[in-house]
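Single-letter residue listing:
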Amino acid sequence: MKKEKILRKIIIIFMVCILPTTQVYAGSGTVYVHWLDDIRWQTYNDTDNYAYQMGYYVVSCENWDNTDILNQLASAKIIVCHTHGKHGRQQFQDTYLSGKHGNGEDVKAVDSLPNGSLNQLKIAIFYGCNTGNTNSVYGNLPQEVVNKGAQAAVAWKIQTKVNEVNEWNKYFFSKARNDTIVESYIHADYWTRERLGEDAGNNMQFNRTEAGNIYGTIY
């Protein structure tokens, strides 16, 4: 009987140790992170660390143009872009990604992709000033990403601040390792406000253009 109790304790300890690891390493596939410069490196670094823990392979796209962005959207599990933006567009050097009305070169548009071509994409996150603002020309970038099959996408409608984005992104991915997108939003909002103050929390929480199923997961 004593041996059985000892064995039972060993099994319980073993299961406690391995279960979090089993859950965290559930993801597979590629994550692309576009980041512009040294002050945005933290967004890449934190995404890399946490996405790796989920089982993903992370590709660093430091200051790339938009040449491969449509192919990346069609093959990635997660896309993160921390560059500049304009109304309805994410900027990549002197080129852009938009929801609609691309010209195939300096502006590539998501609506040019076949329907269902982004079915594997769990989330696209666009950190760029005014990228989340929609207009009659370039449309709604997060919504167009979801229209083509992605689970979720998000962009911001304000002049984003690099330190606030870096902080929010870190807390989003730390939570998203084992929880839903919406809970990860809430977690990132809360801790950005705690760490950087009320204005920073409000900037990141109340100025998003969200699309898709935020009750899904990315791991």
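Our subject is the structure that appears above.
The present account deals with the structure reproduced in this document. (Residues numbered from 1 in each chain as written. Predicted model: local features only at pLDDT ≥ 70, side-chain atom pairs only at ≥ 80, totals over all residues. Heavy atoms only, no water.)

A sheet is described by the order of its strands in space; here six strands give the open sequence β2-β1-β3-β8-β9-β10, paired in mixed fashion. A strand with exactly one partner marks an edge of an open sheet, and here the two such strands are β2 (57-62) and β10 (208-212). Strand-to-strand twist of the sheet, defined as the mean angle between neighbouring strand axes without regard to direction, takes the value 10 degrees. Note: strand β1 (residues 30-35) against β2, six bridges, orientation parallel. Residue pairing in the sheet places Thr30 in a bridge with Tyr57 of β2. Sheet strands touched by helix α6 (residues 181-196): β8 (123-127), β9 (152-156) and β10. Its angle to β10, the strand with the most contacts, is close to 165 degrees. (Pairing = 2+ DSSP bridges. Helix = DSSP H or I, 4+ residues; strand = E, 2+ residues; numbered from the N terminus. Axes fitted to C-alpha atoms, helices over the stretch in contact; angles between N-to-C directions. Contact = heavy atoms within 4.5 Å.)

The next subject is unusual backbone geometry. Of note, the phi angle at Asn63 is positive, near 55 degrees, even though the residue is not glycine. Looking at the secondary structure, you find Asn63 in the loop between β2 and α3 (69-75). At His101, a position not held by glycine, the phi torsion is positive, near 55 degrees. Checked against the element boundaries, His101 lands in the loop between β6 (95-98) and β7 (107-109).

Moving on: helix α7 (residues 198-205). When α7 is considered as a whole, its buried residues turn out to be Ala200, Gly201 and Met204. Looking down the long axis of α7, one finds its buried residues gathered within 100 degrees of arc, a one-sided arrangement. Structurally, α7 contributes buried residues whose contacts are with β8, β9, α5 (162-176), α6 and β10. (Buried < 20%, exposed > 50% of the residue type's maximum accessible area, 1.4 Å probe, protein only. Arc of directions from axis to C-beta.)

On to the pattern of salt bridges. Counted by the stated rule, this structure contains seven salt bridges. The salt bridge involving Lys175 is made with Asp179; its shortest N-O contact spans 3.4 Å. Under the relative-accessibility criterion, Asp179 is labelled partly exposed at 22%. For Arg208, the salt bridge goes to Glu210, with nearest N and O atoms at 2.9 Å. Classification of Arg208 as buried rests on a relative accessible area of 13%. When salt bridges with common partners are traced through the structure, they connect Asp189, Arg208 and Glu210 into a single cluster. (Salt bridge = Lys/Arg side-chain N within 4 Å of Asp/Glu carboxyl O.)

Okay, the packing of aromatic side chains next. Enumeration according to the criterion identifies 10 aromatic pairs in this entry. Where Trp168 meets Tyr185, the ring centres are 5.8 Å apart and the plane angle is 40 degrees; that geometry is what we call tilted. Residue Trp168 is located in helix α5, and its partner Tyr185 is located in helix α6; the two are separated by 17 residues in the primary sequence. By relative accessible area, which is 0% here, Trp168 ends up buried. Summarising the aromatic geometry, the rings of Tyr190 and Trp191 are spaced 5.1 Å apart at their centres and angled 90 degrees between planes, so their arrangement reads as edge-to-face. Put simply, the rings of Tyr127, Trp156, Trp168, Phe172, Phe173 and Tyr185 touch in pairs and so form one group of aromatic residues. (Phe/Tyr/Trp six-rings, centres within 6.5 Å; stacked < 30°, edge-to-face > 60°.)

Turning our attention to the state of the cysteines. Throughout the structure, instances matching the rule amount to zero disulfides. Considering cysteine sulfurs only, Cys81 is the nearest to Cys61, which forms no disulfide, with 8.2 Å between them. (Disulfide = S-S within 2.5 Å.)

For the rest of this paragraph, the subject is the sheet that holds strand β5 (residues 89-92). Either a parallel or an antiparallel arrangement is found when strands of a sheet pair, and the pairing is made through backbone hydrogen bonds. Judged by pairing direction, the sheet is mixed, and its four strands sit side by side in the order β4-β5-β6-β7 without closing on themselves. Only two strands of the sheet have a single partner each, and these edge strands are β4 (85-86) and β7. Sheet topology places β6 next to β7; three bridges connect them, and they run parallel. Among the inter-strand pairings, Ser98 is bridged to a residue of β7, identified as Ala109.

Moving on: the packing of α5 against α6. Relative to each other, α5 and α6 sit at 135 degrees, their axes nearing to 8 Å. Here α5 lies oblique to α6, going by the angle between them. Considering only the axes of α5 and α6, their crossing is right-handed. The residues of α6 that touch α5, namely those facing Asn163, Glu164, Glu167, Trp168, Tyr171, Phe172, Ser174, Lys175 and Ala176, are Ile181, Glu183, Ser184, Tyr185, His187, Ala188, Asp189, Trp191, Thr192, Arg195 and Leu196. Grouping the amino acids of the contact of α5 with α6 by side-chain chemistry returns nine nonpolar, five polar and six charged. (Parallel < 35°, antiparallel > 145°, perpendicular 65-115°, else oblique. Left-handed = near helix turned anticlockwise from the far one by under 90°. Nonpolar A, V, L, I, M, F, W, Y, C, P; charged D, E, K, R; others polar.)

Functional significance is not addressed by these values, which are geometric in nature.
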